[in-house]
Amino acid sequence: MAVNSVLPPSTGRRQVSWGTPLTYALALAIAAVSIAPVIYVVIGGFRTTPQIVADPAGLPDPFVWDNYARVLTQSNFWQQAFNSAVIALGTTLAVVVLGLAAAFVLARYSFRGREGLYTFFTLGLLFPAGAAILPLYLMLRDLNLINSYYAVILPQVAFSLPLTIVILRPFLSAIPRELEDAAAIDGASRLGFLWRVAMPLSRPALVTVGVLAFVASWNSFLLPLLVLSDVNLHTLPLGVQNFSSQYTTDTAGVLAFTSLAMLPALLFFTLAEKQIVGGLQGAVKG
Amino acid sequence: MTSANQIRMPAGGASASPAGPRRGGHDSARRADNRRKWYEIIGLTTPAVLIYVMFVLVPMGFAVYYSLFRWRGVGPPTEFVGLRNYTLAFQDPIFLDALRNNALIVFGSLLIQGPIALGVALLLNRRFRGRAVFRLLVFVPYVLAEVTVGIMWKLLLTGDGTVDALLRSLGMGGLVQAWLADLDVVIWTLLAILTWKYVGFAIILLLAGLSNVPDELTEAAAIDGASWWQIQRHVTIPLLGPTIRIWMFLSMIGSLQIFDMIWVTSVPAVRSLGASATMATYMVDNGFFARLWGYGNAVAVILFVISFVAALLFQRFLLRRDIEGAITGRAK
């Protein structure tokens, strides 16, 4: 497990130095390629479609706020952002709670079949969600869950659980036995130990799995595409896709909508970058 | 994040505490405690087990069942056709195109992103001012939804759009293509977009892996007179092995399932001709939208088997040491 390998080793003796010009040239080039299209889209939202058609690579002249204003006031942007948020938060909460409960048992109880149960969960890592989408749709249809938040949340939780358990279990196992004994002497039950000791101690891992589940849910497209045909339930990725195919001639409007849809992910990511990187890394090294 | 250190400690079996008798030695108290322990085990794991079985395992079972029928999705399937859907799939040139495209994306991603990411990571493998900002910027494409990225590039690549204008202004107008409409070009365009989106992820992962390589080793090699390249070749890259293999694994599984970006970027007409179809888009086009549910489920099973076998083979031969704990259930 290398969750904290994302952080620079705290040597202290070494000063962070300026890199060589080559380092900076390279870093700058890569960063520019990564971010230029995104900046272009955001800036393009401040132009008018005729401006864009006349000079695709130009700058706004004059600056127009109209596209953004239009998207924010006349489109379903807010409704879709709300739907995305509900689904992402619901998924995250359920993944963390169910994953923690299961991982706690797998880490701190000894019983027959424990390793079998763990393997059973890890098998899920080999089940690609994409492949299951058709039977999943049929099943949700039979359960009358189509066009509800649950139709997205429940499968997302199910497919996130294996990874969550793989990340959380070693964390919970690593809590020293002495702490559990001490808690027992203080009169805490095993569940009390989970609530008052194990959970606070494994907060970094919980944040990691939570962030991973949230981002995956926020960006997911295939499952909502199939199970949310009701426009009022559409999430942002569906909204971006619809808006762009509905207003094909309104390039500036599409650029504005796309930028606004990017914004929450970018903000969230800036805040949680360490957890995302750490999680992605730590996850696979279980 | 200091407590993240704990994650380095040995995991699993050995350190897990047996929930034995707490205090006193009374048999009845012990039995009561034992019973309570089982209640807790069942109570805490059941919700996760139920939801996992119901939405991960059961659907794949149903897919196998439905795939044996010719079925339009209404009422229970009745027209049993055996393995006909599978043979049909492998006889459909569009599906074979989809397979070829998936293979191209799998290997194209590995062969293009791998060397770029490795090169960049090695050259940037030192802490310099602004590295945190760099990391943040490079990671941006990865965090955006594939759908958003797809729409964005679709706009940039429209005929006489931004990319074309840029190429012309750089005097490279001869390179201009019908990026997303030319049947011979579209899959390469898509591969380029995927490279743009995912190479940052590879760089970040490798940079993080590099920060685990002890400076002492490379310093020792330098003192022994090794050149920069020799150090990279014989010290750093071998130590980076696990990170590289894990990245390859993630990239491969992702490429096999690729859907969102392809779906929004390439128009249905181009997709239906096979030029840009992947297994997943083919499955959804046929199963969901054309309502050939039996056939679609057969494609789902094929996709599943290919991914599963690829994952198992990869693990068996390359990844064994790295995630042994996760898959075999034995902690490292």
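Report follows, based on the coordinates. (Residues numbered from 1 in each chain as written. Chains lettered and ligands numbered in written order. Predicted model: local features only at pLDDT ≥ 70, side-chain atom pairs only at ≥ 80, totals over all residues. Heavy atoms only, no water.)

Notes on the packing of helix α4 (residues 77–108) of chain A against helix α5 (residues 114–122) of chain A
Residues and elements named next belong to chain A.
Then, number 1: Remark: α4 packs on α5, axes separated minimally by 9 Å, with the N-to-C direction vectors making an angle of 140°. Relative to α5, α4 is oriented oblique. In this structure, the crossing between α4 and α5 has a hand that is left-handed. Between α4 and α5, the contacting residues are Val105, Leu106 and Ala107 on the first element and Arg114, Leu117, Tyr118 and Phe121 on the second.
Then, number 2: Looking at the contact of α4 with α5 residue by residue, the class counts come to 6 nonpolar, no polar and 1 charged. (Axes fitted to C-alpha atoms, helices over the stretch in contact; angles between N-to-C directions. Helix = DSSP H or I, 4+ residues; strand = E, 2+ residues; numbered from the N terminus. Parallel < 35°, antiparallel > 145°, perpendicular 65-115°, else oblique. Left-handed = near helix turned anticlockwise from the far one by under 90°. Contact = heavy atoms within 4.5 Å. Nonpolar A, V, L, I, M, F, W, Y, C, P; charged D, E, K, R; others polar.)

Quick word on the layout of surface pockets
Then, number 1: The computed volume of the second largest pocket comes to approximately 580 Å³.
Then, number 2: Residue lining of the second largest pocket: 20 residues in total, with A:Pro37, B:Trp153, B:Leu156, B:Val163 and B:Leu166 positioned closest to the centre.
Then, number 3: Among the elements of the structure, α1 (21–44) of chain A together with α5 (146–156), α6 (162–169) and α7 (186–210) of chain B are those that each provide at least two residues to the lining of the second largest pocket.
Then, number 4: Among the elements that make up the lining of the second largest pocket, the one with the highest residue count is α1(A) (6 residues).
Then, number 5: Along the lines of polarity and charge, the residues of the lining of the second largest pocket split into 17 nonpolar, 3 polar and no charged. (1 Å grid on protein atoms, 1.4 Å probe; cavity = no way out; pocket = protein on both sides within 12 Å on 5 of 7 lines; lining within 4 Å. Points joined across faces, edges and corners; volume = space filled by probe spheres on them.)

Overview of the packing of aromatic side chains
Residue and element names in this part refer to chain A.
Then, number 1: Here the structure, examined in full by the defined rule, presents 38 aromatic pairs over all chains.
Then, number 2: Consider the rings of Phe46 and Phe63, whose centres lie 5.0 Å apart with planes at 45°: the pair is tilted. Taken together, the positions of Phe46 in the loop between α1 and α2 (49–54) and Phe63 in the loop between α2 and α3 (66–74) put the pair 17 residues apart, joining distant regions of the chain.
Then, number 3: The exposure class assigned to Phe46 is buried, which follows from its relative accessible area of 14%. (Phe/Tyr/Trp six-rings, centres within 6.5 Å; stacked < 30°, edge-to-face > 60°. Buried < 20%, exposed > 50% of the residue type's maximum accessible area, 1.4 Å probe, protein only.)

A closer look at the pattern of salt bridges
Residue and element names in this part refer to chain A.
Then, number 1: The final tally for this structure, using the stated rule, is 13 salt bridges over all chains.
Then, number 2: Asp181 is paired through a salt bridge with Arg177; the nearest N and O atoms lie 3.3 Å apart. Placement of the pair is Asp181 and Arg177 together in helix α8 (residues 177–185), with a separation of 4 residues, close to one helical turn.
Then, number 3: By relative accessible area, which is 31% here, Asp181 ends up partly exposed. (Salt bridge = Lys/Arg side-chain N within 4 Å of Asp/Glu carboxyl O.)

Comments concerning the side chain of B:Ser255
Residues and elements named next belong to chain B.
Then, number 1: Along the chain, Ser255 turns up in helix α10 (residues 241–257).
Then, number 2: Among the residues examined, Ser255 registers a relative accessible area of 5% and is labelled buried.
Then, number 3: When near neighbours in sequence (up to four residues on either side) are disregarded, Ser255 contacts Asn102, Ile105, Val106 and Ser109.

Quick notes on the packing of α4(A) against helix α9 (residues 190–201) of chain A
Residue and element names in this part refer to chain A.
Then, number 1: Their axes nearest at 12 Å, the elements α4 and α9 cross at an angle of 105°. As far as their axial angle goes, α9 and α4 are roughly perpendicular. Along the contact surface, α4 presents Leu100, Phe104 and Arg108, while α9 presents Arg190, Phe193, Leu194, Ala198 and Met199.
Then, number 2: Its residues assigned to classes, the contact of α4 with α9 comprises 6 nonpolar, no polar and 2 charged.

A look at the environment of A:Pro128
Then, number 1: By the secondary structure assignment, A:Pro128 is in the loop between α5 and α6 (133–142).
Then, number 2: Remark: the alpha-carbon pair of A:Pro128 and A:Phe159, spanning 31 residues in sequence, is separated by 8.3 Å.
Then, number 3: The residues touching A:Pro128, leaving out its near neighbours within four places in the chain, are A:Phe159, B:Gln257, B:Phe304 and B:Ser307.

Interpretation note: all reported values are geometric properties and have no functional meaning in isolation.
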